[in-house]
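In case you want the letters, here they are:
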Amino acid sequence: MCGIVGYVGNKKAVDILVDGLTSLEYRGYDSSGIAVNVEGKVELFKAAGKLQNLKNIIEKNYSEISKSTIGIGHIRWATHGAPTVENAHPHSCNCGKVAVVHNGIIENYKELRAKLESKGCTFRSQTDTETVAHLVATKYGETHDLTEAVRLATKEIEGAYALCVIHQDLPDIIVATRRNAPLVVGLGEGENFVASDVPALIQYTKKAMYIEDNQIVTLTPDSIKLIDIDNNPVEQKTEMLPWEPVALSKMGYKHFMLKEIHEQPDVVRNVLSGKLRAIDENVILKEVTLDREKLKDLSRIQIVACGTSLHAALVGKYLIEEFCGIPVDVEPSSEYIYRKTITDKNTLVIGVSQSGETADTITAVRQAKSKGSHILIITNRPDSTMAREADSLIPVNAGIEVSVAATKSYIAQLISFYLLAIYMAEVKGVTDLSDLKHELIILPQKIEKVLAHKEDIQKLARKFANFKDFIFIARGINFPTALEGALKLKEISYINATGYTAGELKHGPIAMLDDSMPVLSILMSGKVYDKILSNSEEAKARNARMIALTDSTDTKLDELFECIIRVPEISEILSPALAVIPLQLLAYYISEFLGKDVDQPRNLAKSVTVE
Ligand code: M6R
């Protein structure tokens, strides 16, 4: 949560900060601010609400602000203190010479604040971050060295942070550091950049250096100095980023979410590429480094994830148990980390995360790693903190996902689970999965067929957009699809949507049904088809407004369902990878019709870096 960016060089810093914040907006968007050094004075500009409010302030003061060639910026997702101007970053100290931006949570801020107040520091905000500004200013007063001041401050700070600091007397120095929050430096010619994430840098440089926990980096226009918390120099490892700026464009679509939904056929092709070449060849998954003999003998697998990634994990459980007969537990990371988990070196622990920066999942995999488990990470960000914890790393190659609502990363995670489950089954020598392999290869065409009929889903969305509640029902391997359909709808339209296993309906939720409740049945051909059909009859008998999502061509369904979303025929085992597409579109069109902020829904952020 929160995005930070810093620039030092020879260009107008404000332009680079604003661009950087715009590309980091997915990380939080309830307030924002910048600090620049204008003619030897640190000036702060801050605004509550969306980034546009800050842009308006900057526009009015542009002639003054644009004189600065150094600056730091911040986009906030509030944790401590409401999203007001006072609480927006950057924060400063009494003398106003130090400015700090921060992503994370300073856990001991209350003690630090009391100590600093007793020394005469006056606080202007309710944030944990302001303590850092005062602390660094105090240390600078003692050392007259900004790097040393930041280093000494980090010795006293507990919690998670990525920090960027500037000082009024040092118009060409930024000091940055991190612990359990992402930070990347971009290296330019006569200029350097620092940010929470690559999108803020990529249009200026592809040469990057990832900062590790407890390292402190000092940037000037022409130099980078890297030390650890004990003041030892650290070797600088630079790499070329494989990203193209075009990935951050909407490419003519109204929203990133719609663009990302349409990218899914190619995402499936990408994930399969090089791993599944032909139906009579085994899946190649070199990324799994666990010894084949150990893989054969695994007695248990645990999968930890949150949100949409958790739903992909639930499909993964179904596949691995079905093909390999290995018991798989799936648990939200946020629950896993607060109980006694039975994990050891014979357990494979899989962490799933689009961003690779979700704090709960990072903690969960670290916890399992400390008990000796092999850690397999499935992520869209092989450059992330979580990826660096991996013994085996499966990058899902969905490309950058900007919309807060995950779509293409979900399909990429699903396909990765299909490949993993087939690979494990082949290692165990337990089953012939050539039919499934064939279906995987032709899946992109089926998704394209669904996308070609998106106007039908748009019509349906308009019909149901004003309902206050929604129920999604399914059974078996599509129960996670029901959960995911409901999550998509609630997060971007704020409609109260819930996914239930269809069999559970009669154990309570059926009491809610009447003609004000749409029930969407995920009715894919297979062994639970008839059961879901009966559950749908039961719902219809309570006057619920029935919608079917099906690959069946049975015309009798027209009597039971008011509306039917038809998708191409597909095997039950692969159906989650197709059935989710219309549900993403339904959520998108309802949100768009209601005039909601599709790509940046309220109260959410793309990476949740707090526990
Ligand atoms: O980056 P991660 O996959 O670890 O993120 C997990 C959830 O925060 C994420 O899936 C969230 O639920 C999305 N907004 C869902 O669309």
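These lines cover the structure that appears in this document, whether it is placed above or below. Computed from a predicted model, the values in this text were never measured in an experiment. (Residues numbered from 1 in each chain as written. Predicted model: local features only at pLDDT ≥ 70, side-chain atom pairs only at ≥ 80, totals over all residues. Heavy atoms only, no water.)

## A word on unusual backbone geometry
- Cis peptide bonds are those with omega within 30 degrees of zero, and the linkage from histidine 89 to proline 90 qualifies with 0°.
- Checked against the element boundaries, proline 90 lands in the loop between strand S4 (70-76) and strand S5 (91-92).
- One non-glycine residue with positive phi stands out, namely methionine 251, at about 50°.
- Mapped onto the fold, methionine 251 is located in the loop between strand S14 (239-240) and helix H7 (256-262). (Helix = DSSP H or I, 4+ residues; strand = E, 2+ residues; numbered from the N terminus.)

## Quick look at the site of the ligand
- The local shell around the ligand holds 14 residues, among which Ser309, Ser353, Ser355, Thr358 and Glu491 are the closest.
- Serine 353 is positioned with one of its side-chain polar atoms (N or O) 2.6 Å from an oxygen atom of the ligand.
- In this structure, an oxygen atom belonging to the ligand sits 2.6 Å away from a side-chain N or O atom of serine 355.
- Here the ligand loses 90% of its free accessible area of 410 Å² to cover by the protein chains.
- Broken down by secondary-structure element, the contributors of at least two residues to the shell around the ligand are helix H10 (307-324) and helix H16 (479-493).
- Counting residues per element, the shell around the ligand draws most heavily on H10, at three residues.
- Per-class residue counts for the shell around the ligand are five nonpolar, seven polar and two charged. (Near = heavy atom within 4 Å. Polar contact = N/O pair within 3.5 Å; in protein donor to acceptor, adjacent residues only side chain to side chain. Areas by Shrake-Rupley, 256 points an atom, 1.4 Å probe, with all protein chains shown as cover. Nonpolar A, V, L, I, M, F, W, Y, C, P; charged D, E, K, R; others polar.)

## Describing the environment of isoleucine 547
- Tracing the chain through its elements places isoleucine 547 in strand S23 (residues 545-550).
- Overall, the relative accessible area of 0% leaves isoleucine 547 in the buried class.
- Along the primary structure isoleucine 547 and glutamate 235 are separated by 312 residues, whereas in three dimensions their C-alpha atoms are 59 Å apart.
- Not counting the four nearest positions on each side in its chain, isoleucine 547 is found in contact with Leu460, Phe464, Phe470, Pro518, Val519, Leu520, Ser521, Phe561, Cys563 and Ile565. (Buried < 20%, exposed > 50% of the residue type's maximum accessible area, 1.4 Å probe, protein only. Contact = heavy atoms within 4.5 Å.)

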